[in-house]
Amino acid sequence: MQTVAVTGGSGKLGRAVVDELVEHGYRVINLDLAPPRHDRAAFTRVDLTDYGQTVEALTAIDDRHGGVDAVVHLAAIPGPGMATNATTFHTNVAISYNVFASARAAGIRNVVWASSETLLGLPLDTPPQSIPIHEGHQPRPETSYALAKLVDETIAAQFCRWDPELKMIGLRFSNVMEPGDYARFPSFEQDPMLRKWNLWGYIDARDGAQAVRRALAYEGKGLEIFIIANADTVMSRDSRQLAAQVFADVEITAEVTGTQTLLAIDKARRLLGYEPQHSWREQS
Ligand SMILES: NC(=O)c1ccc[n+]([C@@H]2O[C@H](COP(=O)([O-])OP(=O)(O)OC[C@H]3O[C@@H](n4cnc5c(N)ncnc54)[C@H](O)[C@@H]3O)[C@@H](O)[C@H]2O)c1
């Protein structure tokens, strides 16, 4: 049985990740400042802004573990505007550096973490270079939150260069949704500008968790980055028509049919075998 430390396991995405990993036979240790709502996994309170606590938490904790096989790193201030810009940047970069460096110190070579769609240029006040947006697009952070996510990816690239045996997978999640969030989706319909900021994308927390599980099992080495969104948008209107209406000057460079996502998930499908299972359309 593999033991996985999940940072931020008490949070919105973390709860789904803990459930998914436990259901698939992993032993999970949840490292978080806040206690979980349910005891699906062993919990230890850790402030990940403190390197000493972080390195200990990934090395050994009495009555919890004597070493873990992998780390799923989700803990962060999870968006812009929730704290001041500098606090968001300093906190999130410190947490990620501490987790990545502690994993290195503890000899853990399987690291999966939450990057973000925001570094793709959200809120897209400057239109994207083409549609769908894919991993080949240049990162274009527009907030200190997104800038910190780009710093995480930069640190990960260098850590992988330092250690060719290390695998680090950054999942650029779209906007995370739980089933209770779907009741408000029909209200997005009236105004295409309401959700243009992320090309009408979303990720069901359970599908996000599926991506995490598949990333943990992925056998490659080095850094890989994936966009993780659902297969459809939040809208009932045709995606191609929406894109043409709101981003009239942007070229649509791939076949897009029906309500297909405009945040490309082809790479995740191809390399991870990721396939979203939970569309809001079947649940609202
Ligand atoms: N929510 C979204 O729409 C979204 C989209 C893309 C990426 N992400 C990323 O996914 C991850 C999870 O987001 P979420 O929506 O579940 O957020 P969340 O706030 O629900 O969960 C984050 C967890 O991190 C913990 N945490 C924060 N600071 C900590 C610290 N110093 N030490 C230990 N734990 C700490 C919090 O207690 C919380 O339980 C984050 O990295 C976020 O940036 C979220």
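Residues numbered from 1 in each chain as written. Predicted model: local features only at pLDDT ≥ 70, side-chain atom pairs only at ≥ 80, totals over all residues. Heavy atoms only, no water.

### Remarks on the layout of surface pockets
Reasoning step 1: In this structure, the largest pocket spans a volume of roughly 890 Å³.
Reasoning step 2: Together, 38 residues line the largest pocket, and Ala76, Ile77, Pro78, Gly79 and Tyr145 are the ones closest to its centre.
Reasoning step 3: Only helix 1 (12-23), helix 3 (85-105), strand 5 (110-116) and helix 4 (144-162) provide two or more residues apiece to the lining of the largest pocket.
Reasoning step 4: Taken together, 21 residues make up the lining of the second largest pocket; nearest its centre are Lys12, Arg15, Ala16, Asp19 and His38.
Reasoning step 5: For the lining of the second largest pocket, a count of residues per class yields 8 nonpolar, 3 polar and 10 charged. (1 Å grid on protein atoms, 1.4 Å probe; cavity = no way out; pocket = protein on both sides within 12 Å on 5 of 7 lines; lining within 4 Å. Points joined across faces, edges and corners; volume = space filled by probe spheres on them. Helix = DSSP H or I, 4+ residues; strand = E, 2+ residues; numbered from the N terminus. Nonpolar A, V, L, I, M, F, W, Y, C, P; charged D, E, K, R; others polar.)

### Details of the pairing of strand 9 (residues 222-228)
Reasoning step 1: For strand 9, the buried fraction is high: 5 of the 7 residues fall into the buried class.
Reasoning step 2: As judged from the 7 bridges shared by strand 6 (residues 167-173) and strand 9, these two strands associate in the parallel manner. Across the sheet, isoleucine 169 pairs through a bridge with glutamate 224, a residue of strand 9. (Buried < 20%, exposed > 50% of the residue type's maximum accessible area, 1.4 Å probe, protein only. Pairing = 2+ DSSP bridges.)

### What about the nonpolar core?
Reasoning step 1: With 58 residues, the main nonpolar core has Val6, Val17, Leu21, Val72, Leu171, Leu199 and Ile228 as its most contacted residues.
Reasoning step 2: For this core, the element with the most residues is helix 5 (residues 205-217), which contributes 6 residues.
Reasoning step 3: If you look at the next biggest cluster of nonpolar residues, it comprises 26 residues, including Ala5, Ile95, Trp113 and Ala156. (Core = buried A, V, L, I, M, F, W, Y, C linked by side-chain atoms within 4.5 Å.)

### Quick notes on unusual backbone geometry
Reasoning step 1: Residue proline 123 is bonded to the preceding leucine 122 through a cis peptide linkage, with omega at 15°.
Reasoning step 2: As for its position among the elements, proline 123 is in the loop between strand 5 and helix 4.
Reasoning step 3: Going from isoleucine 131 to proline 132, the amide bond is cis rather than trans, its omega being 0°.
Reasoning step 4: For proline 132, the position within the fold is in the loop between strand 5 and helix 4.
Reasoning step 5: One non-glycine residue, leucine 124, lies in the positive phi region at around 60°.
Reasoning step 6: Structurally, leucine 124 can be placed in the loop between strand 5 and helix 4.

### Some details on the pattern of salt bridges
Reasoning step 1: Applying the stated criterion across every chain yields a total of 15 salt bridges.
Reasoning step 2: For glutamate 23, the salt bridge identified is with arginine 40, shortest N-O distance 3.8 Å. Taken as a pair, glutamate 23 in helix 1 and arginine 40 in the loop between strand 2 (27-32) and strand 3 (42-45) lie far apart in primary sequence, 17 residues in all.
Reasoning step 3: A relative accessible area of 36% means that arginine 40 is categorised as partly exposed.
Reasoning step 4: It is possible to trace a salt-bridge network through shared partners that takes in Asp19, Glu23 and Arg40. (Salt bridge = Lys/Arg side-chain N within 4 Å of Asp/Glu carboxyl O.)

### So, empty space enclosed by the protein
Reasoning step 1: Tallying each qualifying case throughout the model produces 1 cavity of 30 Å³ or more.
Reasoning step 2: Considering the residues around the largest cavity, the lining is formed by His73, Leu74, Ala75, Ala76, Ser96, Trp113, Ala114, Lys149 and Asp152.
Reasoning step 3: Listed by contribution, the elements that provide at least two residues to the lining of the largest cavity are strand 5 and helix 4.
Reasoning step 4: Grouping the constituent residues of the lining of the largest cavity by class yields 5 nonpolar, 2 polar and 2 charged.

Function cannot be read off these values alone, since they describe shape.
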